Amino acid sequence: MTSKTLWIAGGIAVAIGVVAYVGYNAMPAGNDGAGTIVEAKRAQTNGTNAMNPNATLATADERAKDSGASGDVTDRNQADRNQADRNQADRNQADRNQADRNQADRNQADRNQADRNQADRNQADRNQADRNQADRNQADRNQADRNQADRNQADRNQADRNQADRNQADRNQADRDSADRSSQN
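Remember, it's a predicted structure, so these values are computed and weren't measured experimentally.

A.B. asks: What am I meant to see in the overall build of the chain here?
C.D. replies: Of regular secondary structure, the chain possesses two helices and two strands. Counting from the amino terminus, helix and strand elements in the chain follow one another as α-β-β-α. Taken across its 185 residues, the chain has 2% of its residues classed as buried. About 15,500 Å² of surface is accessible on the chain, with carbon and sulfur atoms providing 50% of the total.

A.B. asks: In this structure, what is going on with the confidence of the model for the chain? I would like to understand it.
C.D. replies: It should be kept in mind that the predicted coordinates are not to be read in detail where pLDDT is low. Averaged over all residues, the pLDDT of the chain equals 82, while 74% of them reach at least 70. Between the elements of the chain, mean pLDDT differs from a low of 50, seen in strand 2 (residues 48–49), to a high of 90, seen in helix 2 (residues 60–184).

A.B. asks: How do you make sense of the environment of arginine 126 when you look at a structure like this?
C.D. replies: By the secondary structure assignment, arginine 126 is in helix 2. In terms of polar contacts, arginine 126 uses its side chain to reach the side chain of glutamine 123, at 2.7 Å.

A.B. asks: Got a minute to help me understand a nonpolar patch on the surface in this structure?
C.D. replies: A surface patch of nonpolar side chains, amounting to about 410 Å² of accessible area, comprises Val14, Val18, Tyr21 and Val22. Note that valine 14 resides in helix 1 (residues 3–25). Owing to a relative accessible area of 55%, valine 14 belongs among the exposed residues under this scheme.

What counts and how
- The numbers attached to residues start from 1 for each chain and follow its sequence in the written order.
- Where local features are concerned, this predicted model is filtered to residues with pLDDT of at least 70; where side-chain atom pairs are given and counted, the filter is 80 or more; whole-chain, interface and lining totals use all residues.
- No hydrogens and no water enter the side-chain calculation; it runs on all heavy atoms of the structure.
- A run of DSSP states H or I qualifies as a helix once it reaches four residues; a run of E qualifies as a strand once it reaches two. Both are numbered from the N-terminal end.
- Exposure categories follow from relative accessible area, calculated using a 1.4 Å probe and restricted to protein chains: below 20% of the type maximum is buried, above 50% is exposed, and the middle band is partly exposed.
- Surface exposure here means Shrake-Rupley accessible area, sampled with a 1.4 Å probe, where a residue is shielded only by the protein chains that are shown.
- The predictor attaches a confidence to each residue, called pLDDT, with possible values from 0 through 100.
- Counted as a polar contact is a pair of N or O atoms within 3.5 Å, where, for protein atoms, one must be capable of donating a hydrogen and the other of accepting one, and residues adjacent in sequence contribute only when both atoms are in side chains.
- Exposure above 30% relative accessible area and the absence of a salt bridge qualify a residue for a patch, where like charges join within 9 Å and nonpolar side chains (Val, Leu, Ile, Met, Phe, Trp, Tyr) within 5 Å.
- Should a side-chain nitrogen of Lys or Arg be within 4 Å of a carboxyl oxygen of Asp or Glu, the pair is scored as a salt bridge.

As structure tokens, then:
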């Protein structure tokens, strides 16, 4: 194989790998986290935090604020899932459209092949008809030649018979003349 062929084959293999990777790893799974990543809540006991012993228990306002933030994250997660669903639906529709185009192309190719096959059969039929006509024409010429040969032979036979009759008549006349001369002597 030439170097150019190897480069082309390698490029195709890399392209297929990239398409496969992007196709299968484009979206996170439904149970994967989506949206903004926030700091994890630490366990709190007795108003202190293991990492920050000076921290106090959260007030009601802070808890409300945290639950609102959690709601925002949930909304963002739902929005991400909705967008992922729309993206998947778009890809599915694109796949169906491509499949329809591919099927239409195959159908057109089948019709084109059928047309070519029919044209080939029609040409073969015309060629056979031409050969049959040529055979008939040759047979007619052969028959005409045989008929002419028969007529020529018949004419020659008739001419031979006529000549034989004339020769016989001449001999008969000669015999009569000879008989008359003999009887006069």
